[in-house]
Amino acid sequence: MSHDGVGLRAVMRSAAFLTAGVLAVPALSACSADDEADRPAAAQDIAPASRDQVADGGTLRWAVDAVPETLNAFQADADAATSRVAGAVLPSMYRLDANGRPQINPDYLESAKVVGTEPKQVVLYKLDQQAVWSDGREIGAADFAAQWRALSGKDSAYWTARNAGYDRIEKIERGKNNLEVRVTFARPYADWKSLFSPLYPKSVMGTADSFNDGARRKLKVSAGPFAVKKVDVKGGEVQLTRNPRWWGSPTKLSEIDLVAVARDKRAAALASDELDMAEIDPVDAERITAARGRSGPLKGASATGTTGTHTPGAERGTSEKDGSGEKTGKSKDEKDEKARDDGKSKSDESADGDEADTSGAKGSKAKAADQQAALSAFVVRKSLEPAYTQLALNGSEGPLADERVRRAVARALDRKELAKVVLKPLGLPVEPVGSHLALVGQAAYSDNSGALGGQDAAEARALLADAGWVPGGPVTEQKKTEKAAGSKGRKADTDDSPGDDGTYIVGEDNKPSEAERELRKDPKDHTGAHERTSAQSGIQADEQQAGKQYAKQGGAPGAYAPKGTAAPAGAASGALAKDGKPLTLRFVLPSGQGSESLRAVADKIAQMLQRIGIRTDISKVSDASYFKDHIASGQYDLALYSWPASAYPATDARPIYSKPVPAADGSLSVEQNYTRVGTDQVDQLFDQALSTLNEDEERSLVRKADSRIWAAAGSIPLYQRPQLTAVRTGLANAGAFGFQTPVYEDMGFLKKGAHPVASPSKTG
């Protein structure tokens, strides 16, 4: 599993931990907030086709990371696969559009609106008269009330992972008829549209026992276009079949199979006809692009073409090519037997063995060629995920507890250059993210990075000097077990790869960076020496500006060093020190396959920090321990991981940025604020945003909160994550969905001779 992303609601509103990876937009600084929120940075890429062009029938085999531990999205171990099942089989009152904004789901609602604010907020839902559960019962107030009671947080017998919003409800009652549901709030709640999506039947939510255990491996009653047919844990598959009581547009597919396949196995599974669609890493995306005779930056579906078709109902798990994987060379037993029969000498056997090895190598090459040829049946559809990667700065202890040092780190970064490392090789627009709380296209988006200021090496050095970090200062010799002035941290559980203990210090010697070492191993260097030189030249040019670029921005108080503080001479050429210790920050990274881009970005960051005199002690740790043992427990100084963007930032982002408070046992309660950096003012702005029913005022308050988060410099948004999906040629209305909620009933395989609408994923 990649350490660069996480499911949207699974983390934002549950205890599930985050685990460790277009249309060009104009310069955000030149746009107003409304302009910035007008459209997403990248359109979705799903090969849209009208329903009459899509054949009836067929099975879609869609990769997931694992069979979900639970089908109850409100439990702590819910994951992205849980959300995918819920989206296909359960009601949602609202769904997200292509801009990441909530829209009424007309299959379930005729309308939903606030009908009263005094003395209390009242929301009236009018349900579609055809909306029924798969057992024939009408969806109604009893289901809403059961879900509210289960998630209100008032009954500890329910093992819930979240109750945000439900804890503000006072009562739920039937309206004038069975199709009306009246929800009265005890306290105003701006994000009321986030509630009851998904909505479970009262048979699941009605009692603690049914909530805790009744929907973990089965879901007997549903009300979506599909229903759960089977959860096969041993076989690694969840089968969804048509819901015969579905009242909306008939589903085009007969079945959707969610197949558990690890990311590093997906290319092979695609080639062997075990999957039709899978999110993939850039390396596999490049293989597919090459298999289709393309080179250079990855092309979207519009460039690769989607003219082929796939026969609905094609047999699953079969392939026209031999999938046995047997080599053509002889086995050792066969060679030994033949040597005895023919009286061959040992030298003859050796020669025979060499011949067999050569034959075996040819067989492996032939198999690889067959696999590559099979990948030509797929296209790569690409967009940007509704998630962004950030640099997290642990402010709980060490040098980063000083906000001046955190701001200096931030001011040393060329965020556009960092985004280029990941996005340019994929042909996606290189634009750094300007908000912690929303992405381009969402209503709350505004580039608030000016509250902190952009890259300025001279200003960064001045901030460090003001904090007491000076170049060439006396450094006390440290024992091997003693750490530099970074986080205390436990010993890194590093890779066991030969010749690499998983740790190295940037700025200590002239070793090549990790990114350079990896790129030297990879002949397909998409960044190139020219880009690296350009990056360094750009940084040097910024340094020469000596703060001129941001002098007129009027950033948040304290975002700059006191006026007149000089940048110490020679800081770029030597490490800084204070109280006898060098300024060295521990940079923790995942070591597993699929995190190469994170490590490349980290090395770029390390180089940028070195130029202002900060050393980085880079530690690569196992994927399994990366989040649990390092990020969540605070055993790091710097780290890279991602957060999803939410349509409801006032609700979902508050636990991530709220100020940590002491717990009853004396420990620090951080919720999901793993940087341990927060302020009372940010908390107050979130509270105000949650309590206003004026949408414009809510957006304004969210943007103010974001500005304060930028100024605190606990986390620095870098880039929106790429979304790459391998899709069988001829599959329509599916692929890289971007913000939009998938429309499961419209997915399917094109009829013979039909063509999808041109993909919008071109760059430019």
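Up top you'll find the structure we're talking about.
Worth saying up front: this structure is predicted, and the values here are computed from it rather than measured.

In this section: the environment of Leu 96. Relative to the assigned elements, Leu 96 resides in strand E2 (residues 94-96). Overall, the relative accessible area of 16% leaves Leu 96 in the buried class. Placed 644 residues apart in sequence, Leu 96 and Gln 740 show a C-alpha to C-alpha distance of 5.2 Å.

Taken together, Lys 113, Lys 126, Lys 176 and Arg 182 make up a surface patch of like positive charges. Tracing the sequence through the fold places Lys 113 in strand E4 (residues 109-116).

Below, the discussion takes up helix H12 (residues 403-411). In terms of residue burial, H12 counts as a mostly covered element, since seven of its nine residues are buried. Val 405, Arg 406, Arg 407, Ala 408, Val 409, Ala 410 and Arg 411 are the residues of H12 that are buried. Buried positions along H12 lie against strand E12 (378-393), helix H14 (457-466), strand E17 (584-590), helix H17 (596-610), helix H22 (695-712) and strand E22 (715-728).

Below, the discussion takes up the environment of Gly 165. Mapped onto the elements, Gly 165 comes out in the loop between helix H4 (141-151) and strand E6 (169-174). You can call Gly 165 buried: its relative accessible area is 4%. Each C-alpha atom, one on Gly 165 and one on Pro 188, is 9.6 Å from the other, the two residues being 23 residues apart in sequence.

Let's shift gears to the sheet that holds strand E16 (residues 581-582). If you walk across this open sheet you meet the three strands as E13-E15-E16, and the pairing is antiparallel. Each edge of the open sheet carries a strand with a single partner, namely strand E13 (470-471) and E16. Two elements, strand E15 (residues 576-578) and E16, share two bridges in a ladder whose sense is antiparallel. Bridge pairing in E16 places Ala 577 opposite Pro 582.

Per the stated rule, a full pass over the model turns up 25 salt bridges. A salt bridge links Arg 728 to Asp 276; its shortest N-O distance comes to 2.7 Å. Placement of Arg 728 in strand E22 and of Asp 276 in the loop between helix H7 (266-271) and strand E11 (277-279) is noted, with a sequence separation of 452 residues between them. Both residues of the pair, Arg 728 and Asp 276, count as buried. Via salt bridges that share partners, Arg 61, Asp 273, Asp 276 and Arg 728 belong to a single interconnected network.

This part takes up helix H8 (residues 282-291). Burial in H8 covers these residues: Asp 284, Ala 285, Ile 288 and Thr 289. Across the axial projection of H8, the buried residues extend over an arc of 140 degrees, all falling on one side. Downstream of H8 by a residue or two, Gly 293 has a phi angle that is positive, lying close to 80 degrees.

Residue Glu 118 is joined to Pro 119 through a cis peptide bond whose omega torsion reads 0 degrees. Its location among the elements puts Pro 119 in the loop between E4 and strand E5 (122-127). Of the consecutive residues Ser 197 and Pro 198, the connecting peptide bond is found in the cis state with omega at 5 degrees. Tracing the sequence through the fold places Pro 198 in the loop between strand E7 (180-185) and helix H5 (202-205). Positive phi outside glycine occurs at Asp 273, with the angle close to 60 degrees. Even without a glycine there, the phi angle at Glu 671 is positive, about 50 degrees.

Taken in spatial order, the four strands of this open sheet run E4-E5-E7-E6, and their pairing is antiparallel. In this open sheet, the two strands that pair with only one neighbour each are E4 and E6. Between one strand axis and the next, the sheet turns through 15 degrees on average, direction left out of account. As paired strands, E5 and E7 are joined by five bridges and run antiparallel to one another. The partner of Leu 124 across the bridge, within E7, is Arg 182. Sheet strands touched by H4: E5, E6 and E7. Its angle to E6, the strand with the most contacts, is close to 160 degrees.

A few words on the side chain of Asn 72. Inspection of the secondary structure puts Asn 72 in the loop between strand E1 (59-64) and helix H3 (80-89). For Asn 72, the side chain forms a polar contact with the main-chain nitrogen of Phe 74, separated by 3.0 Å. Ignoring anything within four residues of it in the chain, the contact list for Asn 72 reads Ala 78, Thr 82, Tyr 200, Phe 211 and Ala 215.

For the structure on display, the rule yields 19 aromatic pairs. Taking 6.3 Å as the distance between ring centres and 45 degrees as the angle between the ring planes, the aromatic pair formed by Trp 62 and Tyr 744 counts as tilted. With Trp 62 in strand E1 and Tyr 744 in the loop between strand E23 (731-732) and strand E24 (748-749), the pair connects residues that are 682 residues apart, well separated along the chain. Taking the relative accessible area as the measure of exposure, Trp 62 reaches 5% and is therefore buried.

Below, the discussion takes up the side chain of Gln 442. In this fold, Gln 442 is placed in the loop between helix H13 (415-423) and H14. At 3.5 Å, the side chain of Gln 442 forms a polar contact with the backbone oxygen of Gly 100. A distance of 2.9 Å separates the side chain of Gln 442 from the backbone nitrogen of Leu 439, its partner in a polar contact.

Reading the values: rules and limits
- Residues numbered from 1 in each chain as written.
- Predicted model: local features only at pLDDT ≥ 70, side-chain atom pairs only at ≥ 80, totals over all residues.
- Heavy atoms only, no water.
- Helix = DSSP H or I, 4+ residues; strand = E, 2+ residues; numbered from the N terminus.
- Buried < 20%, exposed > 50% of the residue type's maximum accessible area, 1.4 Å probe, protein only.
- Patch = residues over 30% accessible without salt bridge, like charges linked within 9 Å, V, L, I, M, F, W, Y side chains within 5 Å.
- Areas by Shrake-Rupley, 256 points an atom, 1.4 Å probe, with all protein chains shown as cover.
- Salt bridge = Lys/Arg side-chain N within 4 Å of Asp/Glu carboxyl O.
- Lys, Arg positive; Asp, Glu negative; His and termini not counted.
- Charge placed at Lys NZ, Arg CZ, Asp CG, Glu CD.
- Contact = heavy atoms within 4.5 Å.
- Pairing = 2+ DSSP bridges.
- Arc of directions from axis to C-beta.
- Axes fitted to C-alpha atoms, helices over the stretch in contact; angles between N-to-C directions.
- Polar contact = N/O pair within 3.5 Å; in protein donor to acceptor, adjacent residues only side chain to side chain.
- Phe/Tyr/Trp six-rings, centres within 6.5 Å; stacked < 30°, edge-to-face > 60°.

These figures come from the coordinates and say nothing about function on their own.
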